Each structure stands twice: as structure tokens, then as C-alpha cells.
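Residue strings, one per chain:
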Amino acid sequence: MGKQIDNFQMLAKCFAGFEEVLAKELTQIGASDVRVVKRGVLFIGDKKLLYKANYLCRSAIRILKPIASFGAINEDELYNEVGKINWEQYLGLDGTFSIDGITSYSNITHSKYLALKTKDAIVDQFRNKFGKRPNVNTDNPDVSINVRLFKNEATISLDSSGESLHKRGYRIATGPAPMNEVLAASLVLLSGWDGKTNFIDPMCGSGTIPIEAALFARNIPPGYFRDDYTFKKWNDFDIDLWNQVVQEAKEQIRDTDVQIVGSDWSGRILETAKENVTAAGLKDTVTLKMNFINDSEPPESPGFLITNPPYGERIKVDDIISLYKGIGDALKKDYSGYTAWIISSNLEALKFVGLRPSRNITVYSGKLECKFAKFDMYTGSKKRKE
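The shown structure was predicted, so the numbers you read here are calculated from the model rather than taken from an experiment.

Looking at helix α6 (residues 208-217)
- Counting buried positions over the 10 residues of α6 gives 10, a clear majority of the element.
- Buried within α6 are the following residues: T208, I209, P210, I211, E212, A213, A214, L215, F216 and A217.

Here it is, written out as C-alpha cells:
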């Protein structure tokens, strides 16, 4: 008899607006029954796919493994149903655990109370069986449990990732309001850039967008620099299978001859970008320049521009309108033949770019609703500067 493959359902979480991007990534690594939900994607796979999803998916925030679902119209029902799960299967007496609760449209209205009642049911089960219980550890638990209550329907999941997957492991320096790494990678994927034409972020800050673009172009896994995943502490962790996933991914890394450029007006901020680029081993892939978009020198077209200008909420700009006008002027002057994408939550300011976007996609940066606007800078008769 052949070895039985044990498939199960998983849920990959993502930022709102990027569900289809993540669904495509999961399909590419072998997931089946892929189904988009709000801020996530449900899919079927085996243990190897769980490891691959954590290690390879650029747009995933975390990978959950649901273990039970049931109706819970009140705290007693929640407590009783959680108590029916055989927690010994997942958690040792000497192990530690944490619980993350989220509730919406339900009778239990407080997420912390939801987590507390779930914790009570788990520790009471151990105490009744063994006279002792595992401890809670919110910083570095052996098992991370996610409980979600939606319209009085509870789903209990094991969080296989632990810390959010945006914590890649290469960021050693930050500027003001650094972009989340998963968000940056998601924008690169959503833009349609294939990694085979030149790329620039002319307001790169601490370098997250150019770094994520370079990792994508060279097929370096987003988990390449990260060691810690909660699934490594699970009872059924298979180190040989994990090493196989890492080795197979390493064999797919490639060099690139496209130019990937990041520039910024601040030398101090650019120093933080330089530290991060170096930490990611991308010194030979990403070129950093100190200038602003109105005097930036983009690589030869065709190319892609993706940038995240200051937009008022997190960074105060003296004159945000003149900034956006300057972006539009620079695009018209220097970026002929480019596909330009701008993400901003300042919809009024975006109008001052003075160009009609060919696409305007709603995405979220944390809780900020943003537009990801595409501008096609068609090649005109103007000759490029040599």
C-alpha cells in the first residue's frame, strides 16, 4: 500500500483587497479547493503544503489550521464545545499556549472575554485529567490558538505561523512609518510586474518595496531569513519534510539582470534602506540613490514604478498637494514607457497627480482604506536622455 496522504483544510490570512493575489500564490504551490473569503483564502493541502504556504507565500500574513467548528450562542456553550476537543493531541502538560480571539455579530461581544473562556475550558480539561495545567505564554508559546466567533459560529484553529509572516527577518532598521513587508510584496504581485523589466520606487523610505520586488525577481522565498514558525513546536513536526521544502525552494533561487532602484530625498532614511538591503543580501540587486522623484533618473523603459508617497495620516507633509502635483509632473517628464502604480489613502491628493488612472483598486494598509492607482505612461515622441 502507498503512503496515505493526510489532507486537511487551512486558512491563509491576508490584507483586504489582496485575496485573489494570495489565492493565485496558493494555487501555484499546489493547493486545491482554493476559495476566497474576506481577508483570507481557504484551501486544502497536506503537511508539506502547510510548510510551503508559510515559507513561500509573499502575500500571506499567517496560516491557520482549523481543528473544530460549532455553534456557540453563549459562554456556556462555547466552554462546553471547547472542552470536547482533545487538547492533549495538540498541547503537552509542560507546554505553553496563547489564545487570540476575534468576535463579530455574536452574542459574546468582547474578543478578550472570548479568549478567556476558551482558555478556561482548555486548562480545566487538563486540570480535571492530570491535576495540573499548561501555562499561558503570550510572547513565545508552543501552541498558538485562534478562536473566531462570527454570527455565533465558532472556529477554533491552530496558528502555524506564530509571529505575523511580515516579520521576514531582514529588517534591521526602520524609518518613519515603514511599510509592512507583506503589504509591499502584495502590491508588487497585484501590479502585474513579472520581474523581467526594470523597476523603481522613487520614494522608497527604508526600502521595503524595492527589497520585496528584488526577492520576487530572484525567486528568494519570503521566509528565507526567518527561523521561527510555531508549527516547528507541534507534536507532529517533521524536520525532514521541512528541510525538503527549504532545499527545494533554495534550488529555485535565480540571479537577475533587471535594474531595481530605490531612491529617497533623505540621506538618513536612505541609510536605513541600505542596512536593510545589505541584511537581505541584495546589495548587488538593488541600487539606492539619493534624490526625489522630480529629479530621479529611472532605469531604461519599459519598466514598473510602485511607490507609497506620504499621505497625511501617518506622515505630515507641508504641502501634500504640491507633492502629488510633482509626482505627476515627474511621471510625464521622465517615465515614458513605464507602468506606474501609486498607493495612497489620500484620495483628494491623488487627483492632483493630473493623470487619469487606468485602474483604481481599493486595498487596505492596516485599517487605512487606500487606492492603488495605475497610470500607463505611453511612449511619446520625446527622446530619452542618454
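Concerning the environment of R218
- Among the secondary structure elements, R218 is positioned in the loop between α6 and α7 (239-250).
- R218 sits in the buried class, given a relative accessible area of 15%.
- When the C-alpha positions of R218 and Y90 are compared, they lie 37 Å apart, and in sequence the two are 128 residues distant.
- Apart from residues no more than four positions distant in its own chain, R218 is found in contact with Q252, I253, R254, D255, T256, G281, L282 and T285.
- A polar atom in the side chain of R218 sits 3.3 Å from the side chain of T285.

Examining the pattern of salt bridges
- Going through the model one piece at a time under the given rule, you end up with 17 salt bridges.
- K167 serves as the salt-bridge partner of E163, at 3.0 Å between the closest nitrogen and oxygen.
- Judged by its relative accessible area of 41%, K167 falls in the partly exposed class.
- A salt bridge links K333 to D334; the nearest nitrogen and oxygen atoms lie 3.1 Å apart.
- Take D334: its relative accessible area is 8%, and that puts it in the buried class.

Quick look at empty space enclosed by the protein
- Per the counting criterion, the structure on display carries 2 cavities of 30 Å³ or more.
- Lining of the largest cavity is provided by F8, K47, L50, Y51, K65, F231, W234, D236 and F237.
- It is helix α2 (residues 47-56) that provides the largest number of residues to the lining of the largest cavity, a total of 3 residues.
- In terms of residue class, the lining of the largest cavity is made up of 6 nonpolar, no polar and 3 charged.
- Of the pockets and cavities examined, the second largest cavity occupies roughly 40 Å³.
- Every residue lining the second largest cavity is listed: N54, C57, L165, R168, P222, G223, R226 and Y229.

Re the side chain of S144
- Along the chain, the position of S144 falls in strand β7 (residues 143-150).
- By relative accessible area, which is 11% here, S144 ends up buried.
- For S144, the contacting residues outside a window of four places in its chain are S98, S157, L158, D159 and T230.

What about the confidence of the model for the protein chain?
- For the protein chain, per-residue confidence averages 93 on the pLDDT scale, and residues scoring 70 or more make up 95% of the total.
- Residue range residues 381-386 is modelled with pLDDT below 50. Its contacts to residues more than four positions away, or to other chains, number 8 contacts.

Details of the environment of R359
- If you trace the backbone, R359 turns up in strand β14 (residues 359-365).
- Sequence separation between R359 and K371 is 12 residues, and the spatial gap between their C-alpha atoms is 9.5 Å.
- If we ignore the near neighbours within four places in the chain, the residues touching R359 are W341, F372, A373 and K374.

Criteria and thresholds
- Residues numbered from 1 in each chain as written.
- Predicted model: local features only at pLDDT ≥ 70, side-chain atom pairs only at ≥ 80, totals over all residues.
- Heavy atoms only, no water.
- Buried < 20%, exposed > 50% of the residue type's maximum accessible area, 1.4 Å probe, protein only.
- Helix = DSSP H or I, 4+ residues; strand = E, 2+ residues; numbered from the N terminus.
- Contact = heavy atoms within 4.5 Å.
- Polar contact = N/O pair within 3.5 Å; in protein donor to acceptor, adjacent residues only side chain to side chain.
- Salt bridge = Lys/Arg side-chain N within 4 Å of Asp/Glu carboxyl O.
- 1 Å grid on protein atoms, 1.4 Å probe; cavity = no way out; pocket = protein on both sides within 12 Å on 5 of 7 lines; lining within 4 Å.
- Points joined across faces, edges and corners; volume = space filled by probe spheres on them.
- Nonpolar A, V, L, I, M, F, W, Y, C, P; charged D, E, K, R; others polar.
- pLDDT = per-residue confidence, 0-100.

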